[in-house]
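# Observations on chain architecture
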Amino acid sequence: MTSIPFCVIEKPYMIWASDVRADNEHFLKRLDADLYYRMAHNIIGAPQPDKEVEDAATQEDGSDQDRKDVSTLSRLLWHHGMETLVMLLGAYIQAPSAVHAYFLKSKTEDAVQMAGYLSREECPKYHRLEGAPFSLANLLSGIHRFAGWQQHDRIVERFATALRYMLSDYVDEKHRAEYNSIKHGLRASHGPFALAVGIQEAPGVPAPPEAMQMVGFSRDASFFEIVKPLGNATKQQSKINFMTEQVSVAWSLEKVLMELQLLSLLLHNIVSALRITAGAPTGSVTFNKVAEDEEFWEMYFQIGSSGVPTASFAPVIDARHISLATDKQIFGSYKRRST
């Protein structure tokens, strides 16, 4: 029997098997790092609806349903890919010889915590890294040290910059709520987002259009609701009584599709680095980078945000001014009245 000790953040584990390293290599070989790249190109290359039909749909409801459908799939893939990437980076840092075991023991909250470390460019207490001080650039430089690229430092820095952007979104609480809203019950919808403000002429009377000032606009956004506690409610009261908050997250479909491709490149390269760490010859693995390097990165860095990346709206309800429900009252509402 063989065993390898490792930690997930600060939780200790020991994986046992007849050959842990063989199991680890098997897992790395079958990890489909190119999935997100293929999906992005499938979406990009999908046949577009007939122009007349598309125009008619846009005129009817003011939206592009095809783009909305693509948005749902793209955002689901993006969040899934980021979770996979963070877990793989966590395994590289904490359990390079037992990646399969690390994935099994790493929970969603662990991935979020690891993403927080990476976003702050901090290393978790228990790690197996050596050498230069920890930073995303140094981490990615170590991962790609056998890539053999002529412009190694430039390529790594671009990867690191893109990773910073993606991590910043991934650790945002509203972005994680978006992922859950897409996964569970199709609670998220997609479409354009616009936010304008104006001063009301009188209380309860909307400001006229000419008095409105546009704050931000995005062709792509996600809309969903999250649970929000009532103001001044106790923790016990909030277990039963709550309200909802309407949340919007703005983003760019074009940038998401580019990031899906970057996710696959990074996943592939981390797997190659892990296989070398496990003993594979450097010539037996490959390291991938963007093919149209300058054109891709110029376009990627030009795509900006709407100016309002997230927004939320909820009523103001003070628990002190209403009669809150109890569990007995709620159970009692199910009692059938006799006739």
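Scroll up for the structure.
Below: a short report on this structure. Since the model is a prediction, treat every value here as computed from it, not as a measurement.

Procedures and definitions
Residues numbered from 1 in each chain as written. Predicted model: local features only at pLDDT ≥ 70, side-chain atom pairs only at ≥ 80, totals over all residues. Heavy atoms only, no water. Helix = DSSP H or I, 4+ residues; strand = E, 2+ residues; numbered from the N terminus. Buried < 20%, exposed > 50% of the residue type's maximum accessible area, 1.4 Å probe, protein only. Contact = heavy atoms within 4.5 Å. 1 Å grid on protein atoms, 1.4 Å probe; cavity = no way out; pocket = protein on both sides within 12 Å on 5 of 7 lines; lining within 4 Å. Points joined across faces, edges and corners; volume = space filled by probe spheres on them. Nonpolar A, V, L, I, M, F, W, Y, C, P; charged D, E, K, R; others polar. Core = buried A, V, L, I, M, F, W, Y, C linked by side-chain atoms within 4.5 Å. Phe/Tyr/Trp six-rings, centres within 6.5 Å; stacked < 30°, edge-to-face > 60°. Lys NZ or Arg CZ within 6 Å of the ring centre and 35° of its normal. Salt bridge = Lys/Arg side-chain N within 4 Å of Asp/Glu carboxyl O.

Once that is clear, we can look at the environment of M214. Summarising the element assignment, M214 is placed in strand β4 (residues 213-228). Taking relative accessible area as the criterion, M214 reaches 48% and is therefore assigned partly exposed. Along the chain, M214 and A194 lie 20 residues apart, while their C-alpha atoms are 7.6 Å from each other. Leaving out residues up to four positions away in the same chain, M214 has contacts with A194, L195 and A196.

Moving on: the layout of surface pockets. In this structure, the second largest pocket spans a volume of roughly 400 Å³. Residue lining of the second largest pocket: 17 residues in total, with Y92, R128, L129, E130 and R145 positioned closest to the centre. With three residues, the single largest contributor to the lining of the second largest pocket is helix α7 (residues 136-143). Classifying every residue of the lining of the second largest pocket gives eight nonpolar, five polar and four charged.

What follows deals with the nonpolar core. Ranked by size, the top nonpolar core spans 82 residues in total, and within it M82, L85, L88, L118, F159 and L262 carry the most contacts. Broken down by element, this core gets its largest block of residues, 15 residues, from helix α11 (residues 253-277). The contact partners of L118, leaving out residues within four places of it in the chain, are L89, I93, F134, L136, L139 and L167. The next biggest cluster of nonpolar side chains, apart from the first, holds five residues, and it includes F193, A221, A250 and V308.

To continue, consider empty space enclosed by the protein. Summed over all chains, the structure comprises one cavity of 30 Å³ or more. Empty space within the largest cavity amounts to approximately 40 Å³. Around the largest cavity sit Y92, G142, I143, R145, F146, A273, I276 and T277, which together line it. Taken together, the elements giving at least two residues each to the lining of the largest cavity come down to α7 and α11. Among the elements that make up the lining of the largest cavity, the one with the highest residue count is α11 (three residues). Here the residues of the lining of the largest cavity sort into five nonpolar, two polar and one charged.

Our focus in this paragraph is the packing of aromatic side chains. For the structure shown, the criterion picks out eleven aromatic pairs. The interplanar angle of 90° and the centroid separation of 5.8 Å between the aromatic rings of W297 and Y300 together place this pair among those described as edge-to-face. One end of the pair, W297, and the other, Y300, are both in helix α12 (residues 293-302), three residues apart, so they sit about a helical turn from each other. The exposure classification of W297 matches that of Y300, with both residues buried. Each residue in the set F159, Y165, F296, W297, Y300 and F301 is aromatic and connected to the rest through ring pairs, giving one cluster. Seen from the ring of Y117, R120 lies directly overhead, with NZ or CZ sitting 5.3 Å from the centre. The ring of Y179 has K183 lying over it, and the distance from NZ or CZ to the ring centre is 4.3 Å.

Bringing the pattern of salt bridges into the picture now. Where charged atoms of side chains with opposite charge meet at close range, the side chains can pair. All chains considered together, the criterion is met by 15 salt bridges. Between K11 and D110 there is a salt bridge whose closest N-O contact spans 2.9 Å. Residue K11 is found in strand β2 (residues 11-17), and its partner D110 is found in helix α6 (residues 108-119); the two are separated by 99 residues along the sequence. Here R158 ties to E294 by a salt bridge, and the two come within 3.1 Å at their closest N and O atoms. Of the two residues, R158 sits in helix α8 (residues 152-170) while E294 sits in helix α12, which places them 136 residues apart along the sequence. Among the residues examined, R158 registers a relative accessible area of 11% and is labelled buried.

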